[in-house]
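Chain by chain, the residues:
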Amino acid sequence: MRTKALFILLLVAIFAIGCGAPSVEELVTVNSAVEVSKAEFIGTVEDSNVTVELDYLVKNTGDEPLTVLPVVIPSISEVSVNNLNISVDDKSCTLEGENNISVKLPYELASDKEMKFKISYDLSGISIPEQGEANTWRLIVPSIGNSTMASGKDKFTVELNVPGGIALKSSVPIGLNAVSNEKIQGGLESAPSIIILDVQGL
Amino acid sequence: MNLYLVFFVIYLVVMLLVGVFTKDQAGKSMENYFVASRSLGLVVLMGTLVGTALGGSVTMGTVGMAYTGGYWNWLAALAGALGYWALAIMTPKLYKTKGITTPDILAERFGPAARYVASIFNLLFNIVVVAGQIISMGIVVQSITGMSFNAAMVVTTVVFAIYTIMGGMYAVAYTDVIQSVFILGGLLYVLVFVMAKVGGFGNALAILHSTAPPEFFDLTAPGFTFLSSYFAYTIFGIITMQIIHQRIFAAVDEKNAKKAMYSLLGVIVLVYIIPPMVGMSARVLMPGLADPQSAIPMMIKNMMPPFAGALVFISLISVMMSTADSTLLSLASNIVKDFWIPLKKETPSSKSVVIMSKMIVIVMAVISLIVAVYSKLIMPLMVFRLTVLAAGIALPLLAALYWKRVTAAAGLVSMIGGGASTIIWELLKSPGGFPSIFVGLPVCAVLLAGISLIQSPPKKLPEWLSEEVSKKGDIQA
């Protein structure tokens, strides 16, 4: 009897929790006015540091001109982001915030217009594997908040320069390959928020 | 031949061998064939319950839903766990009925017409379940081994149909035990693999917080209407599941049946946590998947070491095959026990019942395969069938088991009223967005209670209820 009462109580509690939540329509509506037409990630691994340059071609698909863009930098264990710089068409921008950065654009981006949006930063916490040792590198990729990626293959290209004597064992996202002992490359259909590479020292 | 195909062939051969070894035991009588002569002990019962309860929708389906929808899928998992909790509470009573099919219970209280109505509900909607599992197996085998979709569906159907034909409930239960080991092992490996890749679930969430919409982290995001209807049709739908009832009927005694059901509940509480975690982490590893349900097959093919990937592939096939075989046998039991035997003028011999049962399994397997090949409406129908069963069968079944006052007419009319009103509401495309389950369930409840209270109480009660009356009488005396 006690079990049955507990069961009914739990059921009532769950239904009560459900009150006041947003509708399914609200859930599936994507509020986006920015489209990333093309993106290029170029990284160089040196010691325990990775220098990254991330070039986005951004289009204002909304009706209003854009003056501010949000940039989100995931905060994960082991890896930290340093020396962050953002520029638009080579003009430096003012940044506010730490992980959820608000970028004040140097000029208004009119509706249907494109701009070159560059993010450069360093990642620390990557360790180079010794001979025979295996390591996993987790490279953070900042994203432009509320943006969508234009569909199509190779919209997001990745190039990573690594020290010699390292073999790539596996990669996520799929589509990244070791094209030489010192270079990992690939073209992706969507923007990753993290690049995970399993590497081994030769 | 690639490694995946080698594992697949070995697995299919082992499943067929189980059918061969259980053939003699199953062929003795209808009770042997459909409920393993009520002889299943705790370990086999637990294995077959886990294998049967964890189907493609719980694993691949939930992974896909969590990939897209996020946190609320834990709440969805809770609905499933509550449904099995309700069934665990009902287990002693279900066992006492000594039924072979669920309509046996309903027929005992509400007369032969109730048997036909409940059986038709089961037949129509459970063919969809078998077909759904066949399609899922076809997708997985095709994507991993490269075999053609239709060939993959035919091969898997032929194998689970053959061992079910040969060994009936014995074969289904013993293959379920093997399959449940693969299912649990595979799910745990996938969880560990994904967590190792992202560097822990905390990392996955940190990344998701920067990329997913805020609703992704809201446990109640789909809203009260959606969630309450989801809970209603899941909990009441699970209560009506004949494939679980038949495992309770097949237990060696009531104590073992109860223990096995509560063990299943424990496993389900643990296991239901995994697919949402895997789905959400998969969104980090593979953003922008066109079909999020394919997340695990994508990992097997592109990320996992081949040997481990092959074992996870087998565990995915096990998930689907263990549900397909149980439902196929369940369908055959409805036709034989609820239609063929009652409509025959003379009681058929044990031998002819078993032969007919095997023939019906073949026919049902062929029909399910045809539905799988030609129907594109399987997945929406999977949800719809649970709603109709929940609205039409759940309350009459509970009343049949627990309410002495319920009358035969009330039981029959409420089943038809609950099921039909749900179907009509769905055909009208749910006016005002009001879920059909909240139309069907009240209609069923009002008819059940209203007619029962107007009529005189039933004079004769089945053994499982009259036993209680006599016990209470003894105490009073």
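Preceding this section is the structure that the text describes.
Reading guide: rules and limits
Residues numbered from 1 in each chain as written. Chains lettered and ligands numbered in written order. Predicted model: local features only at pLDDT ≥ 70, side-chain atom pairs only at ≥ 80, totals over all residues. Heavy atoms only, no water. Pairing = 2+ DSSP bridges. Helix = DSSP H or I, 4+ residues; strand = E, 2+ residues; numbered from the N terminus. Axes fitted to C-alpha atoms, helices over the stretch in contact; angles between N-to-C directions. Expected span 1.5 Å × (residues − 1). Buried < 20%, exposed > 50% of the residue type's maximum accessible area, 1.4 Å probe, protein only. Contact = heavy atoms within 4.5 Å. Parallel < 35°, antiparallel > 145°, perpendicular 65-115°, else oblique. Left-handed = near helix turned anticlockwise from the far one by under 90°. Nonpolar A, V, L, I, M, F, W, Y, C, P; charged D, E, K, R; others polar. Core = buried A, V, L, I, M, F, W, Y, C linked by side-chain atoms within 4.5 Å.

Time to look at the sheet that holds strand S13 (residues 166-172) of chain A. Residue and element names in this part refer to chain A. Ordered in space as S9-S16-S13, the three strands form an open sheet in which the pairing is antiparallel. The open sheet is flanked by strand S9 (134-140) and S13, the only strands paired with a single partner. Strand-to-strand twist of the sheet, defined as the mean angle between neighbouring strand axes without regard to direction, takes the value 25°. Summarising the sheet, S13 and strand S16 (residues 194-201) pair through six bridges and their orientation is antiparallel. From the neighbouring strand, Leu168 faces S16, where its bridge partner is Val199.

To continue, consider helix H12 (residues 254-271) of chain B. Residue and element names in this part refer to chain B. For H12, spanning 18 residues, the distance from its first C-alpha to its last is 25 Å, which sits close to the expected 26 Å at 1.5 Å a residue. Here H12 has its buried residues at Asn256, Ala257, Ala260, Met261, Leu264, Leu265, Val267, Ile268 and Val271. Its buried side turned inward, H12 meets helix H3 (42-53), helix H5 (72-96), helix H8 (149-198), helix H11 (242-249) and helix H13 (274-285).

Our focus in this paragraph is the packing of helix H15 (residues 306-343) of chain B against helix H16 (residues 350-374) of chain B. Residue and element names in this part refer to chain B. Where H15 meets H16, the axes come as close as 9 Å, and the angle between the chain directions of the two elements is 130°. When the axes of H15 and H16 are compared, the pair comes out oblique. The element H15 and its partner H16 pack so that their crossing is right-handed. Residues Leu328, Leu331, Ala332, Ile335, Val336, Trp340 and Ile341 of H15 touch H16, and the partners they reach there are Ser352, Val353, Met356, Ser357, Ile360, Val361, Met364 and Ala365. Here the contact of H15 with H16 is built from residues that sort into 13 nonpolar, two polar and no charged.

Ranked by internal contacts, the top residues of the largest apolar core, which has 222 residues, are Phe41, Tyr56, Phe117 and Leu139 of chain A together with Tyr84, Ile244 and Phe313 of chain B. When residues of this core are assigned to their parent elements, the largest contribution, 20 residues, is made by H8 of chain B.

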